[in-house]
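So you can see what is in the structure, the chains are spelled out below.
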Amino acid sequence: MSRKESAPFSLFRPSVAHRAAQYAFLFFYIYVGARFFAYAMWAMGETETFTSRPPSVEAFLPIGALVGLKRLLLTGSYDPIHPAGLTILLMALVTAFLFRKGFCGYLCPVGAISGVLERLGKRLGISRPLPRIVSVLLTVPKYLLLAFFVKIVLLDMPVAALEGFIRTPYYRVADTKMLLFFMPPSLTVVLILAATLLGSLLIPGFWCRGFCPYGALLGLVSMFSPTAIRRDKETCINCRRCSGVCPSRIEVHAKERVSGPECVGCTECVGACPVPGCLGTGLGWGKRFARLPRLFLPLGMVCAVLLFYFWAEAAGHWRNNIPPEMIRRDHQSIREMGHP
């Protein structure tokens, strides 16, 4: 049976669902970025036209979210300055356990852009898969970066320092400082971005596999997930189509249970398999493995995002209550000192 025959409704093919979710969230982040830029211009006094701050921009403050997480665990208090960032981190951790690295596979804009660059590299004929040992070694830097941030935030920073830090003007304007870091970017930033873009064209998953500490954290959590892709070795014809379409370059054809830290739960391997029932998503280990619908992961991720959002809005854990006059006062120092 051909792949086309095995998936007559292309809208429901895993690869289509995967990329549709990626692009939808990518366009959403572009919208958030545009609104945040307008907000930052108002906050710094560059315009008198007020634009409300989009809380979703805090997805780009993972270190602040890690600080908020430690404070929540030690004091029981939610971050009042960047509550959405903490909510997004909690959502990412929970969904990593329930739906594998679904945050990376469906929600992350960097992952979406990385996928586009990988496909472009293939079209240009310049993208090359790495030898297995090199591919494994490429994952080391992100775990080292994760260990560094875990040490300085979760291990070394005492509660008093946490409380003091979140009350500083610097923490309140951390999102704007992040924006201005790229306006205009320094030569170092340009070179790093250029190297990342070129690396993504040449090496599949260059940034995600090698340098993203956020992905490393979610990958470790996903290793304990009961959700996995399972291959029936009895019906497998070893065509290796599953491994060929895997964005994480996992050798799906050689595994019975795909549950390692690199699996993003995209289920593209399931859609590529020409043998009905050979690959499937399910819950459990060994003989206690219950098959689930192929759209369980993408639909589960979307539902989880909505549930966390509505919960955070209802509980007051999505928007901060910083008065406009304080916002402008905190940003005044940025305007006076120039871009950092």
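Description of the structure in this document.

### Observations regarding the packing of helix H3 (residues 62–75) against helix H8 (residues 140–155)
One can describe the packing of H3 onto H8 by two numbers: an axis separation of 9 Å at closest approach and a directional angle of 40°. The angle between H3 and H8 falls in the class oblique. Along this stretch, H3 crosses H8, giving a crossing that reads as right-handed. Here Ile63, Leu66, Val67 and Lys70 of H3 come into contact with H8, specifically with Phe149, Val153, Leu154 and Leu155.

### Remarks on the pairing of strand S1 (residues 227–231)
Burial analysis of S1 places four of its five residues in the buried class, which makes it a mostly covered element. Judged from the five bridges that link them, S1 and strand S3 (residues 279–285) form a sheet pairing that is antiparallel. Looking at the pairing, Ala228 lines up with Gly282 of S3. As defined by bridge partners, S1 adjoins strand S2 (residues 257–258) across two bridges and the pair is classed as antiparallel. Residue pairing for S2: Ile229 is matched across the bridge by Val258.

### Notes on the packing of aromatic side chains
Scanning the model with the defined rule gives 16 aromatic pairs in all. When the centroid spacing of 5.8 Å and the interplanar angle of 75° are considered together, the rings of Tyr29 and Phe60 count as edge-to-face. Here Tyr29 is found in helix H2 (residues 14–43), whereas its partner Phe60 is found in the loop between H2 and H3, with 31 residues between them in sequence.

### A few points about the sheet that holds S1
With antiparallel pairing, the four strands of this open sheet are ordered in space as S2-S1-S3-S4. Every other strand in the sheet has two partners, leaving S2 and strand S4 (288–291) as the edge strands with one partner each. Across four bridges, the pairing between S3 and S4 is antiparallel. Residue Leu283 lies in a different strand from S4, and its bridge partner there is Ala290.

### Here's the deal with a nonpolar patch on the surface
Together, Val94, Phe97, Leu98, Leu220, Met223 and Phe224 make up an exposed nonpolar region whose accessible area comes to about 540 Å². Residue contributions to the nonpolar patch peak at three residues, all from helix H4 (residues 83–99). Considering the arrangement of structural elements, one finds Phe97 in helix H4.

### Some words on the environment of Ala160
Mapped onto the fold, Ala160 is located in helix H9 (residues 159–166). Residues Ala160 and Arg71, spaced 89 residues apart in sequence, show a C-alpha to C-alpha distance of 9.8 Å.

### Observations concerning the state of the cysteines
Using the criterion set out here, one finds zero disulfides in the structure. In this model Cys212 remains outside any disulfide bridge; the closest cysteine sulfur is found in Cys104, 6.0 Å from its own. This cysteine, Cys303, is not joined by any disulfide, and Cys266 carries the nearest cysteine sulfur, 19 Å off. Residue classification places Cys303 among the partly exposed positions, given a relative accessible area of 43%.

### Observations regarding unusual backbone geometry
For the bond from Met183 to Pro184, the omega torsion is -15°, close enough to zero to count as cis. Within the secondary structure layout, Pro184 lies in the loop between helix H11 (174–180) and helix H12 (187–202). For Asn238, which is not glycine, the phi dihedral falls at a positive 60°. By the secondary structure assignment, Asn238 is in the loop between S1 and helix H15 (241–245). Notably, Arg249 is not glycine yet its phi reads approximately 60°, a positive angle. What makes Arg249 partly exposed here is its relative accessible area of 24%.

About the criteria used
- Residues numbered from 1 in each chain as written.
- Predicted model: local features only at pLDDT ≥ 70, side-chain atom pairs only at ≥ 80, totals over all residues.
- Heavy atoms only, no water.
- Axes fitted to C-alpha atoms, helices over the stretch in contact; angles between N-to-C directions.
- Helix = DSSP H or I, 4+ residues; strand = E, 2+ residues; numbered from the N terminus.
- Parallel < 35°, antiparallel > 145°, perpendicular 65-115°, else oblique.
- Left-handed = near helix turned anticlockwise from the far one by under 90°.
- Contact = heavy atoms within 4.5 Å.
- Buried < 20%, exposed > 50% of the residue type's maximum accessible area, 1.4 Å probe, protein only.
- Pairing = 2+ DSSP bridges.
- Phe/Tyr/Trp six-rings, centres within 6.5 Å; stacked < 30°, edge-to-face > 60°.
- Patch = residues over 30% accessible without salt bridge, like charges linked within 9 Å, V, L, I, M, F, W, Y side chains within 5 Å.
- Areas by Shrake-Rupley, 256 points an atom, 1.4 Å probe, with all protein chains shown as cover.
- Salt bridge = Lys/Arg side-chain N within 4 Å of Asp/Glu carboxyl O.
- Disulfide = S-S within 2.5 Å.

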